[in-house]
Amino acid sequence: RCELLCERPVLVLTPGSYDVNAPADVNANAVANVDRVFASMQPDLLACYKRRLAVDPGAHAFLTVDVVIGSAGEVQRVETTGGARLGTSGLACIVHRIEGARFEPVPGGGTRRIQVPLTLRRIGARHVRDDERRRIVTRASSWVRPQPCP
């Protein structure tokens, strides 16, 4: 079985962005929207991981996805940090899927930048200690669901 854990998305507040001066509920709604969109992508992101497992059965990844969302909710840019064990094609698959995502429009126009920490791994793999798994699951979003691995 495989799992994709997603920690809570983080808004990256930059000077001049709408989110800097937005009411707290607007930013909370933005985070909730990002969480929902990533939840809807879970099967596709896991499919990227499973393709990598076919080549490297020990593959796992801890990565952060940095996404810039345009005023209409379109993805303008995706960058990743970490996740080397996914390989170039695994990371490209994840980036490609996220590039096709659609988020809620940014109120007032402009852009919104978010960072989403992701963990992709096999359940019960030797490189994942039980205490680490409990710690990550506690911080993870509500949509974490283990899936069968090849």
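Figured I'd write up the structure that's included with this text. Just so we're clear, the structure is a prediction, and the values are computed from it rather than from any experiment.

Now for the state of the cysteines. This model, assessed by the stated rule, comprises one disulfide. Between the sulfur of Cys48 and that of Cys93 lies a disulfide, 2.0 Å long from S to S. Between Cys48 and Cys93 the sulfur-sulfur dihedral comes to about -70°; the bridge is accordingly left-handed. In this pair, Cys48 sits in helix α2 (residues 24-55) while Cys93 sits in helix α3 (residues 87-99), placing the two residues 45 residues apart along the sequence. The pair Cys48 / Cys93 is uniform in exposure class, with both members buried.

Before going further, it helps to examine the environment of Val75. Here Val75 shows up in strand β4 (residues 75-82). On a C-alpha basis, the gap between Val75 and Arg112 in space is 9.7 Å, while along the polypeptide they are 37 residues apart. Ignoring sequence-local partners within four residues, the contact set of Val75 consists of Val67, Val68, Ile98, Glu99, Ala101 and Phe103.

The rules we used
- Residues numbered from 1 in each chain as written.
- Predicted model: local features only at pLDDT ≥ 70, side-chain atom pairs only at ≥ 80, totals over all residues.
- Heavy atoms only, no water.
- Disulfide = S-S within 2.5 Å.
- Helix = DSSP H or I, 4+ residues; strand = E, 2+ residues; numbered from the N terminus.
- Buried < 20%, exposed > 50% of the residue type's maximum accessible area, 1.4 Å probe, protein only.
- Contact = heavy atoms within 4.5 Å.

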